[in-house]
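Architecture at a glance
Residue-level listing of the chains:
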Amino acid sequence: MDSSVYVFAEDLHGEGVERVLDRISAYGVDGVTVGAVHHAALDVTPHGLSRLTVRHDGAHFTPPAELFDGLRLAPVPGHVHALAGLREACAGRGLKLHGWTVFLRNATLGTEHPDVTVRDCFGDRGSLIDLCPAHPDVREYSVALARAVARLGVDSVVAEALHFTPVEPQRSFVQLGPMDSFLFGLCFCDYCMRRATDLGVNAEVAREECARIVGGVFDGDPAAQGEVTRAALTAYAGPEVVAYARARSETVTTLVSEVSSAVAEEGCKLVFIDSTGAVKGYRDGLPTPGLAAHDAWQLGVDLVALGDLVPAFGVLAYARDAARVADDVGAYLRSVGKDREVRAVLRPGYPDSDSTDRLVAKARGAKAAGALAVDFYAYGLVPHPVLDRIPEALAAAG
């Protein structure tokens, strides 16, 4: 089966293209998924040039200027020479090259242009890292960015954060339940409200209900208990809020369709990554009970609709349990269609995999459930002995 290792531009910049690719080739994978466009982060990097790496928002190449002529938003420059020679070096080793692109998480652009970020039910734009997929400027930027990455000559554009995201405060001493957090994370910018209204939703009533409920919790009301489901949300917040949440899928579906078409026009293909698997299990590898495919609607992701528009999907299988990995992959295939390429993204070490045997079991489970590829996240974040588990996992998956 197909496979790749995720690599950050900082890995290439710090260790050198040749050294990184030599190691990755030795694992027996078929390709490299390189972070062409990424968001700011602070990461422990056990074998990096620095053991603590500060990542900045940035495109790690020089985009074609004509793609962004006349657009309000343009990529923030990163390590613009980090990918130099990478395509040729991959070709020389028989490795495919995939362009990993983070679209709508960019605090630099959000700070410079706060009006393109999400706006909560209280009218605040507190999450400047989250660009709103309904905003026309964001949509134009996303299509141009996808074309720019495709023109690097990659085998696919791997799209991350091309949808809504949950609110993620660094600190909160208010106990918000899952449903309260969901309501607080809904965007009520003018464009989102207009799109919902056009679909027959009373957007103002939905906003008022969210503000009433979340504001009540801020004032001391007890937090809602239980996981977010449409039925529970209807009982808790009312049908207009649920209808408003449903309307977000039209925003995401049309944006992903535009991006996928643009990538295809550049002679490339889109791999769409829905972040629900990370929302559920990123911290500890113990995802909440609902399968990612079933809860993707909470990010505005309609997998059934996207199955008709996108050729390939990445499943963030961030779980310790091999059976859960298999269940997540199977649920995705049932949603997007059996003829679609599904790639299971596995973490070979902490917190998901405490041994080679566990990683092997998950790779086998992903294949048995119908995955056509297994990818490993991520080279620069994982100690070398943990990365050395990859060949055995690939051999087991066949």
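Everything discussed here concerns the structure shown above.
A brief look at the structure comes next. (Residues numbered from 1 in each chain as written. Predicted model: local features only at pLDDT ≥ 70, side-chain atom pairs only at ≥ 80, totals over all residues. Heavy atoms only, no water.)

**Observations regarding the overall build of the chain**
The secondary structure content of the chain amounts to 17 helices and 11 strands. Against the compact-globule benchmark of 21 Å for 398 residues, the chain has a radius of gyration of 21 Å, which places it among compact chains. Taken over the C-alpha atoms alone, the chain extends approximately 60 × 50 × 40 Å along its principal axes. By residue count, 58% of the 398 residues in the chain fall in the buried class. Put simply, 76% of the contacts in the chain that link residues at least 6 apart link residues at least 24 apart. Carbon and sulfur atoms provide 52% of the accessible area of the chain, an area that totals close to 15,900 Å². Charged side chains of the chain number 37 positive and 52 negative; the gap between the two group centres comes to 4 Å. (Helix = DSSP H or I, 4+ residues; strand = E, 2+ residues; numbered from the N terminus. Rg over C-alpha atoms; globule rule 2.2 N^0.38 Å. Buried < 20%, exposed > 50% of the residue type's maximum accessible area, 1.4 Å probe, protein only. Contact = heavy atoms within 4.5 Å. Areas by Shrake-Rupley, 256 points an atom, 1.4 Å probe, with all protein chains shown as cover. Lys, Arg positive; Asp, Glu negative; His and termini not counted. Charge placed at Lys NZ, Arg CZ, Asp CG, Glu CD.)

**Points about the nonpolar core**
One recurring pattern in soluble globular proteins is that nonpolar side chains are buried together. Counting 126 residues, the largest nonpolar core has Val5, Ile24, Leu86, Leu183, Tyr244, Val259 and Phe376 as its most contacted members. Among the elements that make up this core, the one with the highest residue count is helix α10 (residues 239-265) (11 residues). What valine 259 contacts, discounting residues up to four positions off in sequence, is Phe103, Ser142, Val143, Ala146, Leu162 and Leu270. Val271, Ala312, Leu316 and Tyr377 belong to the second-largest nonpolar core, a separate cluster that totals 15 residues. (Core = buried A, V, L, I, M, F, W, Y, C linked by side-chain atoms within 4.5 Å.)

**Some thoughts on unusual backbone geometry**
The omega angle of the peptide bond from tyrosine 350 to proline 351 is 0°, so this bond is cis rather than trans. Within the secondary structure, proline 351 is located in the loop between β10 (341-346) and α15 (356-368). Cis rather than trans, the peptide bond between tyrosine 377 and alanine 378 has omega equal to -5°. The topology assignment puts alanine 378 in the loop between β11 (373-376) and α16 (384-387). Positive phi, normally seen in glycine, also occurs at alanine 161, with a value near 60°. The exposure class of alanine 161 is buried, given its relative accessible area of 1%.

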